[in-house]
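Examining the three-dimensional arrangement
Residues per chain, in single letters:
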Amino acid sequence: MRLTTAAVLLLALAAAALPLHEPGAAADQRAKRIAQLPAHLQREMSLVRGPAETERALAELARLSPHDAGSHHVATSGHVYVADIFPEMPEMESNQSHVRSPPGAPREQPSRDAHAVHRRMFSGTAPTAYTYEGVPVHHSLPGAPNVLYLDFLGPTISGTQWNSDSGVSAYVAIPYSFDGDSTVLSAAEQKSISGVWARVAEDFAGFNVDITTEKPAVFTSRTGRCVITRNIDANGAQMPAFGTSGIAFTNVFGDPNYATLYSPAFAFYNINNNYREDIVAELCSHELGHN
């Protein structure tokens, strides 16, 4: 059978493309890409379950800034998470403005509040109610299709990727408390919770999302949660990424398994000056932003 020039060229191109689709060649390509990663990521990538999960991790790591590679980690599922360490912050001056001055305006002394954006929209908003546990109930945009829940109650976390990768079947998070009594919320702690909510709500004010302190009736793929807790749980177990200020998976909001496997994010309020509401808020916004 005689082949036309065009047919010969097509066969040659197909033959040349075959190695790129062979498992061996694909594995070699992945190995080369992994070899370019920092040592800790190379170790974690060796534990990822399979080729598809490995490709997911490599794609997500390529999307993230290489300057922050030291804080990037990979779960066995191939999902990437970030373990953040916040530096110690100077004391907050609550009477300073959080609004950036427009160009040409007289310069103000920079605020030493770690949360460097204004919060006039929500600051001072009275809670609509209090939960049974005493948490002040706030909603920034009731009825929004996207919800970010600030969880101060110390939930039990089980069945998540955090659990399967750490081998801890259940984390019993410690409720938010800075007076030594985690069984009841004091008036000062309730005020602090409202302050944290106001700052986080301001951060997300430009989005169609409800920032709330009220536990949603149902957690969907569009329901985020940040647990504000200590880095040691009630049973003495070290929380995920112990020694960091906060931790969260990246680019998982909307994933079908988001609520069950890749949530919550964590903000550890006992690290450095993290008892302060401005830093707690900064952590919550930052970690939920990773999701």
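Residue numbers restart at each chain and count upward from 1, following the sequence in its written direction. Where local features are concerned, this predicted model is filtered to residues with pLDDT of at least 70; where side-chain atom pairs are given and counted, the filter is 80 or more; whole-chain, interface and lining totals use all residues. By convention in this description, side-chain values take in all heavy atoms of the structure and omit both hydrogens and water.

**Re the environment of Gln190**
Applied cut-off: Note on conventions: DSSP H or I runs of at least 4 residues are helices, E runs of at least 2 residues are strands, and numbering of each starts at the N terminus. The contact criterion used is simple: two residues touch if any of their non-hydrogen atoms lie within 4.5 Å.
Within the secondary structure, Gln190 is located in helix H6 (residues 187-203). Along the chain, Gln190 and Tyr130 lie 60 residues apart, while their C-alpha atoms are 9.4 Å from each other. Residue contacts for Gln190: discarding those within four places in its chain leaves Tyr130, Gly134, Pro136 and Leu185.

**Observations regarding the layout of surface pockets**
Over the atoms rolls a probe the size of a water molecule, and in doing so it shows where empty space is left. Stated formally: Here a cavity means grid points, on a 1 Å grid over the protein atoms only, where a 1.4 Å probe fits yet cannot get out; a pocket means an open set of points with protein on both sides within 12 Å along at least five of seven lines; lining residues are those with an atom within 4 Å of a point. Grid points are joined across faces, edges and corners, and a volume is the space filled by probe spheres set on the points. Each residue gets one of three labels, nonpolar for Ala, Val, Leu, Ile, Met, Phe, Trp, Tyr, Cys and Pro, charged for Asp, Glu, Lys and Arg, and polar for the others, Gly among them.
The space that makes up the second largest pocket amounts to roughly 280 Å³. Together, 17 residues line the second largest pocket, and Tyr81, Trp162, Asp165, Ser166 and Ala241 are the ones closest to its centre. For the lining of the second largest pocket, the secondary-structure elements that each account for two or more residues are strand S1 (72-74), strand S2 (80-84), helix H5 (161-166) and strand S10 (246-249). Here the lining of the second largest pocket gets four residues from one element, more than from any other, and that element is H5. Looking at the lining of the second largest pocket residue by residue, the classes come out as 11 nonpolar, four polar and two charged.

**Comments concerning the pattern of salt bridges**
So the rule is basically this: The term salt bridge refers to a side-chain nitrogen of Lys or Arg lying within 4 Å of a carboxyl oxygen of Asp or Glu. Here the term buried applies to any residue with accessible area under 20% of the maximum for its type, exposed to any over 50%, and partly exposed to those in between, with areas from a 1.4 Å probe on protein chains only.
Across all of its chains, the model carries six salt bridges by this definition. The salt bridge partner of Arg30 is Glu55, with a shortest N-O separation of 3.5 Å. Of this pair, Arg30 sits in helix H2 (residues 23-35) while Glu55 sits in helix H4 (residues 51-63), and the two are 25 residues apart along the sequence. What makes Arg30 buried here is its relative accessible area of 14%. On the accessibility criterion, Glu55 (28% relative accessible area) is partly exposed. The closest approach of N and O atoms between Glu60 and Arg63, which form a salt bridge, is 2.7 Å. In this pair, Glu60 and Arg63 are both assigned in helix H4, three residues apart and thus about one turn of the helix distant.

**Re the confidence of the model for the protein**
Let me state the cut-off plainly: A residue's pLDDT is simply how confident the predictor is in it, with values from 0 to 100.
Within the protein, residue pLDDT values average 83, and 79% of them lie at 70 or more. In this model, residues 1-22 is a region of pLDDT below 50 whose contacts with residues beyond four sequence positions or in other chains number four contacts. Throughout residues 92-119 the model reports pLDDT below 50, and contacts reaching past four residues in sequence, or to other chains, amount to 47 contacts.

**Points about the pairing of S10**
Under the convention used in this document: Any two strands with at least two DSSP-identified bridges between them are counted as paired.
Burial along S10 is two-sided: Gly246 and Ala248 facing one way and Ile247 and Phe249 facing the other are all buried. Two strands pair when backbone bridges link them, and S2 and S10 are joined in this way by four bridges, in the antiparallel orientation. Across the sheet, residue Val82 finds its bridge partner in S10, namely Ala248. Pairing between S10 and strand S11 (residues 265-268): two bridges, direction antiparallel. Looking at the pairing, Ile247 lines up with Phe266 of S11.

**Focus on the sheet that holds strand S9 (residues 223-229)**
Rule in force here: Axes here refer to lines fitted to C-alpha atoms; in helices the fit is confined to the stretch in contact. Angles between the N-to-C directions go from 0 to 180 degrees.
With mixed pairing, the seven strands of this open sheet are ordered in space as S1-S2-S10-S11-S9-S5-S8. This sheet does not close on itself; its edge strands, each paired only once, are S1 and strand S8 (209-212). Here the strands of the sheet are splayed against their neighbours by 20 degrees on average, with no regard to which way each runs. In the sheet, S9 pairs with S11 via four bridges, with the strands oriented parallel. Across the sheet, the residue bridging to Thr229 is Phe268, located in S11.

**What about the side chain of Asn291?**
Mapping Asn291 onto the fold places it in the segment after helix H8 (277-290). Every residue in contact with Asn291, bar those within four places of it in the chain, is listed here: Ala248, Phe249, Thr250, Asn251, Val252, Phe253, Tyr258 and Ala265.

**Points about the nonpolar core**
Our working definition: As used in this record, nonpolar core signifies buried Ala, Val, Leu, Ile, Met, Phe, Trp, Tyr and Cys residues forming a set joined through side-chain atoms within 4.5 Å.
Of all hydrophobic cores here, the largest spans 30 residues; its most connected members are Leu150, Val196, Val200, Ile211, Ile228 and Cys284. Discounting residues that sit within four places of it in the chain, Ile211 has contacts with His138, His139, Ser140, Leu148, Leu150, Trp197, Val200, Ala201 and Phe204. One finds Tyr171, Ile247, Tyr258 and Phe268 within the second-largest nonpolar core, a separate group that totals 16 residues.

**Describing the packing of aromatic side chains**
The cut-off we apply is this: We call Phe, Tyr and Trp rings a pair once their centres come within 6.5 Å, taking the six-membered ring for Trp, and we label the pair stacked below 30 degrees between planes, edge-to-face above 60, and tilted otherwise. Only Lys NZ and Arg CZ are tested; either one counts as a charge over a ring when it is within 6 Å of the ring centre and within 35 degrees of the ring normal.
Throughout the structure, instances matching the rule amount to 12 aromatic pairs. Where Tyr81 meets Trp162, the ring centres are 5.3 Å apart and the plane angle is 75 degrees; that geometry is what we call edge-to-face. Of this pair, Tyr81 sits in strand S2 while Trp162 is found in helix H5, placing the two residues 81 residues apart along the sequence. Residue class for Tyr81 comes out buried when judged on its relative accessible area of 16%. Here the basic side chain of Arg225 rests over the ring of Phe219, its NZ or CZ set 5.4 Å away from the ring centre.

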